[in-house]
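# Chains, contacts and geometry: an overview
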Amino acid sequence: MEELIGDRRVEDERSLIKTPSNVQTNYQENDVSTSTDQIQPATPCFVYTLAFFSALGGFLFGYDTGVVSGAMLLLKREMNLSSLWQELLVSITVGAAALSALAGGFLNGLFGRRICILLASFIFCAGGIILSVAHNKEVLLCGRLTVGFGIGIASMTVPVYIAEVSPSHLRGQLVTINTLFITGGQFVASVVDGVFSYLPHDGWRYMLGLSVVPAALQFTGFLFLPESPRWLLQNGETQKARLVLSQIRGGVNVEEEYESIRSSIEEERNDSSGGPVLWRILTYAPTRRALIVGCGLQMFQQLSGINTVMYYSATIIQMSGVQDDHMAIWLAAATAFTNFMFTLVGVWLVERVGRRKLTLGSILGTSVSLMVLAAGFLLSAQASPPVTFHPSNSSSLHNSTCVHYGFCESCMLDPACGFCYGVNGTSVVESSCVPVSAANTETSAAGRCSNGTQESAGLFWAYNYCPTSYSWIVLLGLVLYLAFFAPGMGPMPWTVNSEIYPLWARSTGNACSAGVNWICNVLVSLTFLHVAQYLTYYGAFFLYSSLAVLGFVFVLGCLPETKGLRLEEIESRFSRRLCSCGASGSQGVHYTRSRLEFGALHYSTLEPEGRISYISLQ
Ligand SMILES: O[C@H]1[C@H](O)[C@@H](O)[C@H](O)[C@@H](O)[C@H]1O
């Protein structure tokens, strides 16, 4: 009811009028079911070039968030980092990304997409240089903060820029390529981590510094690449806008597209009631709904635990019996590669099945895989081996809390302890719970496992996990999770956000939703260990699974299909009440705008089915 009243009010405010029923309408065929079936003009290489150079921003986002885990293994030894400092070096980047993503909305509106991308790549370069020459932890912190600012700006600007330069039939695919580059960056980072892990001294400098290469490439490329035609038009640079539009459309007649962008900007100017953009977004029903959908998608992406699963993948793999550290690093690279490959599936599917079905299938599968993961952890916990051996020769072992634990499960949930055990056939024997070394989690502080795992002596050291015969279920859960998450829930929140807001609200809308993504990212990563301690691992993964079910209900009710529509037409998809997207039929408000020009009255009607009809009365 509130929404309907809201619609009426907005209708009055914006002098929206109903289309006279006796006037012949001239429909543009933008209906989802038909538009992509039409023969599309060949897309010039230039658009792909633009998409590639912009998506380098996504690559840097993925690289800089992914590389730190490997670098930290070396850094904590070389710089003697406490766990507080390690946490700080990881989280400050994500925190800075949240802040700069929010500020990016303002910068985008003021300076344009191109300048913001140039700024982000410059910041990435500066951050990479600071990190690679850092001689103490304070300088490292400064470098990680700088890189975070770059990530935030890039994460909100790049999808918007790609969406604005792409033709509608390719937009989904090209924006999704940005997420492919994010996961590609994460994969390359894990390979670089693997390679330089063999270089214990200064290896981290190469890991953190290598990001300068793609950043410099993007900066140089964007010196020669154009601004988004939509931003140019909005800022009165009409000649330039027309030129860029015809450049990116390969010289074909761009009059219709130009006209549709221009008239939507003009209508908005005439209708605008003034005031801050965020206020206008919140008080105009279609943009308010778009913002709720955009932020909700980003929130559920993070609440389904992607970064926890990725971060935890090395341990999951170790649980399956891979004991060698270098091997675990390489297998974590295999996880990142799987994430990347399944994102490629998303690029292939997005224009075939559409955003809505892809997201729905993905989040449902994600939730089921999280349940498989949780079930694997639950069975492992139930079969957790007991502590059977109490070493008597070291006082440091006796003074720790570790000796009080009776089972491996409780021992491994305490970050201060690890499990030292022998193997006889398939059973665990002579197992003890002992304190972990302060300098290196790969060995115990004292006793039999103070040299880590020594397979030759029949001794194994497990930190953060327990030996279990159910590890295959956990591994299956991990692979299923990536297979379902990566094609849909990974890229769709970014893709959908880049297209659901009208031009005047696009920068601010994307800034808010990207901010929500980063804030939820920080929240999930910072709380994971505590959640795992209170609820155990299976409890934590059951929790993420339930949140993903909630996300499914949200997407089912609220996410409309935007495939094949022109950016200027998507507003109509939010003209119906929120949470009625699953409903069929065409009931709902028809937004009609009018404009008097050259003695003719022009109507454009935005209909809930996603069509725009233009009528001119002489
Ligand atoms: O879309 C991306 C992608 O799925 C990444 O793998 C993940 O680390 C990011 O947090 C997410 O925003």
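Scope of this entry: the structure provided in the associated data block. (Residues numbered from 1 in each chain as written. Predicted model: local features only at pLDDT ≥ 70, side-chain atom pairs only at ≥ 80, totals over all residues. Heavy atoms only, no water.)

Put plainly, a disulfide is one covalent bond tying together the sulfur atoms of two cysteines. Applying the stated criterion across every chain, the model contains four disulfides. Bridging cysteine 411 to cysteine 433, the disulfide has an S-S length of 2.2 Å. Handedness of the cysteine 411-cysteine 433 disulfide follows from its S-S torsion of about 90°: it is right-handed. Here cysteine 433 lies in strand S3 (residues 427–435) and cysteine 411 lies in helix H20 (residues 408–413), a separation of 22 residues in the sequence. Classification of cysteine 411 as buried rests on a relative accessible area of 0%. Cysteine pairing for the protein (bonded cysteines numbered in sequence order): 1-4, 2-8, 3-6, 5-7. Cysteine 142 forms no disulfide, and the closest cysteine sulfur to it belongs to cysteine 125, at a distance of 15 Å. When its relative accessible area of 38% is taken as the criterion, cysteine 142 is described as partly exposed. Looking at the unpaired cysteine 520, the closest cysteine sulfur is the one in cysteine 295, lying at 9.2 Å. (Disulfide = S-S within 2.5 Å. Helix = DSSP H or I, 4+ residues; strand = E, 2+ residues; numbered from the N terminus. Buried < 20%, exposed > 50% of the residue type's maximum accessible area, 1.4 Å probe, protein only.)

So, about the pairing of strand S2 (residues 417–424). Walk down a regular strand and you will see the side chains alternate between the two sheet faces. Burial runs high along S2: six of the eight residues are buried. Strand direction decides the pairing type here: S2 and S3, joined by seven bridges, are antiparallel. Across the sheet, glycine 418 pairs through a bridge with valine 434, a residue of S3. Remark: two residues form the turn of the hairpin made by S2 and S3, two consecutive strands paired antiparallel; glycine 425 in that turn has positive phi of roughly 70°. Taken together, the four bridges between S2 and strand S4 (residues 459–462) define a ladder with antiparallel strand orientation. Looking at the pairing, cysteine 420 lines up with tryptophan 461 of S4. (Pairing = 2+ DSSP bridges.)

The next subject is the site of the ligand. Inspection of the region around the ligand gives Thr179, Thr183, Gln186, Gln301, Gln302, Asn307, Asn339, Phe485, Gly490, Trp494 and Asn517 as its neighbouring residues. Side-chain polar atom of glutamine 186 to an oxygen atom of the ligand: 2.8 Å apart, as the coordinates give it. Contact between the ligand and glutamine 302: an oxygen atom at 3.0 Å from a side-chain N or O atom of the residue. Taken by itself the ligand offers 300 Å² of open surface, and the protein chains cover 98% of this. When contributions to the shell around the ligand are tallied by element, the ones reaching two or more residues are helix H8 (168–196) and helix H15 (285–303). Tallying contributions element by element places H8 first for the shell around the ligand, with three residues. The class makeup of the residues in the shell around the ligand is two nonpolar, nine polar and no charged. (Near = heavy atom within 4 Å. Polar contact = N/O pair within 3.5 Å; in protein donor to acceptor, adjacent residues only side chain to side chain. Areas by Shrake-Rupley, 256 points an atom, 1.4 Å probe, with all protein chains shown as cover. Nonpolar A, V, L, I, M, F, W, Y, C, P; charged D, E, K, R; others polar.)

What follows covers the pattern of salt bridges. In this structure the tally under the stated criterion is 15 salt bridges. One salt bridge in this structure joins glutamate 499 and arginine 171, with 2.5 Å as the shortest N-O distance. Of this pair, glutamate 499 sits in helix H22 (residues 492–499) while arginine 171 sits in helix H8, and the two are 328 residues apart along the sequence. By the burial criterion, glutamate 499 is buried, and arginine 171 matches it. Here glutamate 257 and arginine 249 are joined by a salt bridge, their closest N and O atoms 2.8 Å apart. What emerges from the salt-bridge pattern is a single network uniting Arg171, Glu351, Arg355 and Glu499. (Salt bridge = Lys/Arg side-chain N within 4 Å of Asp/Glu carboxyl O.)

With that out of the way, let us pick up the sheet that holds S3. Ordered by their spatial adjacency, three strands build an open sheet running S3-S2-S4, and the pairing between neighbours is antiparallel. Looking at the sheet topology across the chains shown, the edges are occupied by S3 and S4. The average undirected angle you get between the axes of adjacent strands in this sheet is 25°. (Axes fitted to C-alpha atoms, helices over the stretch in contact; angles between N-to-C directions.)

Next up on the list: the nonpolar core. Within the largest apolar cluster, 77 residues are counted, with the highest numbers of intra-cluster contacts made by Leu75, Leu140, Trp204, Leu208 and Trp518. Top contributing element to this core by residue count: helix H7 (residues 137–165), with 12 residues. In contact with leucine 140, not counting residues within four places along its chain, are Leu75, Met79, Leu89, Leu131, Ala134, Trp204 and Leu208. In terms of nonpolar packing, the next biggest core, distinct from the first, is built from 64 residues, Ala290, Met412, Tyr501 and Val555 among them. (Core = buried A, V, L, I, M, F, W, Y, C linked by side-chain atoms within 4.5 Å. Contact = heavy atoms within 4.5 Å.)

For the structure on display, the rule yields 22 aromatic pairs. Ring centres of phenylalanine 528 and phenylalanine 541 lie 6.0 Å apart, and the angle between their planes is 55°; on these two criteria the pair is classed as tilted. Assessed through its relative accessible area of 0%, phenylalanine 541 is described here as buried. Taking the centre distance of 6.4 Å and the plane angle of 20° together, the rings of phenylalanine 528 and tyrosine 544 count as stacked. Pair check on accessibility: phenylalanine 528 and tyrosine 544 agree, each one buried. Members of the aromatic cluster, connected to one another through ring pairs, are Phe377, Phe528, Tyr537, Phe541 and Tyr544. (Phe/Tyr/Trp six-rings, centres within 6.5 Å; stacked < 30°, edge-to-face > 60°.)

Time to look at the side chain of asparagine 497. Within the element layout of this structure, asparagine 497 appears in helix H22. Look at asparagine 497 and you get buried, because its relative accessible area is 0%. A polar contact is formed between the side chain of asparagine 497 and the backbone oxygen of glycine 294, at a distance of 3.1 Å. Discounting chain neighbours no more than four positions away, the residues touching asparagine 497 are Gly294, Gln298, Met492, Asn510 and Ser513.

Below, the discussion takes up unusual backbone geometry. Of note in the backbone geometry, aspartate 202 takes a positive phi value of approximately 70° without being a glycine. When you line up the elements, aspartate 202 lands in the loop between H8 and helix H9 (203–209). Even without glycine at this site, asparagine 464 takes up a positive phi of about 80°.

Attention now moves to the environment of asparagine 451. Structurally, asparagine 451 is set in the loop between S3 and S4. With 10 residues separating them in the primary sequence, asparagine 451 and tryptophan 461 have C-alpha atoms 9.0 Å apart.

Any functional reading would require information that these geometric values do not contain.
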